[in-house]
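In case you want the letters, here they are:
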Amino acid sequence: MTERLQPGDTAPAFSLSDADGNQVSLADHAGRKVIVYFYPAALTPGCTKQACDFTDNLEAFAGAGYDVIGISPDKPEKLGKFREAENLKVTLLSDPEKEALEAYGAFGEKQNYGRTYLGVIRSTIVVDEQGKVEHAFYNVRATGHVAKLLRDLKVGA
């Protein structure tokens, strides 16, 4: 299982396709704070709630100097459908090889109803302007997580 990131760690570099097939990398956001959140699957209830919450608060995050990137194993085509269906404004990236998911400790063993399996661990990593991990939240809940993040980061306070 992949190691979880800790505050002070260097955030692993990534370059992934967005919903339109364009490459987006962490380096593109150098000098800005970045909220990188990992979710299991587009167009599912929990992931939709979380993506909509990020979209609804995107201006508040941007005003506080944060960019927001969502990463899942979904293909770019599915991310495009997700974005269109829910009118999402967050940047959604495709990681079908799970390289970024594993590098960030957001893919590994999960338990559900007594069954153990490998899957995406819903996680949020806040990266500072120098590319260091500022906060690392693992096993977050889809509902209420964005509100908690706003409080923890003192955004809009």
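The rules behind each value
- Each chain carries its own residue numbering, running from 1 in the written order of its sequence.
- At least 70 in pLDDT is required for a residue's local features to be given in this predicted model, at least 80 for side-chain atom pairs to be given and counted, and no such filter applies to totals for whole chains, interfaces and linings, which use all residues.
- With hydrogens and water stripped out, all remaining heavy atoms of the structure feed into the side-chain values.
- Helix and strand assignments come from DSSP, with helices taken as H or I runs of at least 4 residues and strands as E runs of at least 2, each series counted from the N terminus.
- A helix's residues, less one, multiplied by 1.5 Å, set its expected span.
- The rule is simple: take the accessible area with a 1.4 Å probe, protein chains only, and divide by the maximum for that residue type; under 20% is buried, over 50% is exposed, in between is partly exposed.
- Whether two residues are in contact is decided by their heavy atoms: any pair within 4.5 Å suffices.
- Paired strands are those between which DSSP finds at least two bridges.
- Here, axes are lines fitted to C-alpha atoms. For helices the fit covers the stretch in contact, and angles between N-to-C directions go from 0 to 180 degrees.
- In the sections that follow, a salt bridge refers to a side-chain nitrogen of Lys or Arg positioned within 4 Å of a carboxyl oxygen of Asp or Glu.
- Oblique is the label for any angle not under 35 degrees, not over 145, and not in the 65 to 115 range, which are roughly parallel, roughly antiparallel and roughly perpendicular in turn.
- The residue classification treats Ala, Val, Leu, Ile, Met, Phe, Trp, Tyr, Cys and Pro as nonpolar and Asp, Glu, Lys and Arg as charged. All others, Gly included, are polar.
- Only a pair of cysteine sulfur atoms within 2.5 Å counts as a disulfide in this structure description.

Q: Can you explain helix α1 (residues 45-56)? Please cite residues and give values.
A: With twelve residues, α1 should cover 16 Å at 1.5 Å per step; its first-to-last C-alpha distance of 16 Å lies within 8% of that length. Among the residues making up α1, those that are buried are Cys47, Thr48, Gln50, Ala51, Cys52, Asp53, Phe54 and Thr55. Contacts from the buried residues of α1 go to β3 (33-38), α2 (58-63), β4 (66-72), α3 (76-86), β8 (123-127) and α5 (145-152).

Q: Hey, could you go over the sheet that holds β3 for me, with residue numbers and the actual values?
A: Strand order in the open sheet made by the seven strands is β2-β1-β5-β4-β3-β8-β9, with mixed pairing throughout. Two strands bound the open sheet, and with one partner strand each, they are β2 (23-25) and β9 (133-138). The mean angle between the axes of side-by-side strands here comes to 30°, regardless of whether they run parallel or antiparallel. Sitting on the sheet, α1 touches β3, β4 and β8, and the angle it makes with β3 is about 165°.

Q: Report on the pairing of β3, specifying residues and quantitative values.
A: Of all six residues making up β3, six are buried, and the element is well covered by its neighbours. Sheet topology places β3 next to β4; six bridges connect them, and they run parallel. Within the sheet, the bridge partner assigned to Val34 lies in β4 and is Asp67.

Q: Explain the pattern of salt bridges residue by residue, including any values.
A: Summed over all chains, the structure comprises seven salt bridges. When the shortest N-O distance is used, the salt bridge between Asp67 and Arg32 registers 2.9 Å. With Asp67 in strand β4 and Arg32 in the loop between β2 and β3, the pair connects residues that are 35 residues apart, well separated along the chain. By relative accessible area, Asp67 is classed as buried at 17%. Take Arg32: its relative accessible area is 33%, and that puts it in the partly exposed class. The residue Asp74 makes a salt bridge to Lys78 at a minimum N-O spacing of 3.4 Å. Sharing partners across several salt bridges, the network here consists of Asp20, Arg83 and Glu84.

Q: Describe in detail the packing of α1 against α5, supporting the description with residues and values.
A: The geometry of α1 relative to α5 is characterised by a closest axis approach of 9 Å and an angle of 40° between their N-to-C directions. By the angle class used here, α1 and α5 are oblique. Facing α1, whose interface residues are Gln50, Asp53 and Phe54, α5 presents His145, Val146 and Leu149. Per-class residue counts for the contact of α1 with α5 are three nonpolar, two polar and one charged.

Q: Any details on the state of the cysteines? Residues and values, ideally.
A: According to the stated counting rule, one finds zero disulfides in the structure shown. With no disulfide partner, Cys47 has as its closest neighbouring cysteine sulfur the one in Cys52, 11 Å distant. Taking relative accessible area as the criterion, Cys47 reaches 2% and is therefore assigned buried.

Q: I'd like to hear about unusual backbone geometry, residue by residue, with values.
A: Of note in the backbone geometry, Asn139 takes a positive phi value of approximately 55° without being a glycine. Note on Asn139: relative accessible area 52%, which makes it exposed. At Lys154, a residue that is not glycine, the phi angle is positive and equals roughly 55°. Mapping Lys154 onto the fold places it in the segment after α5.

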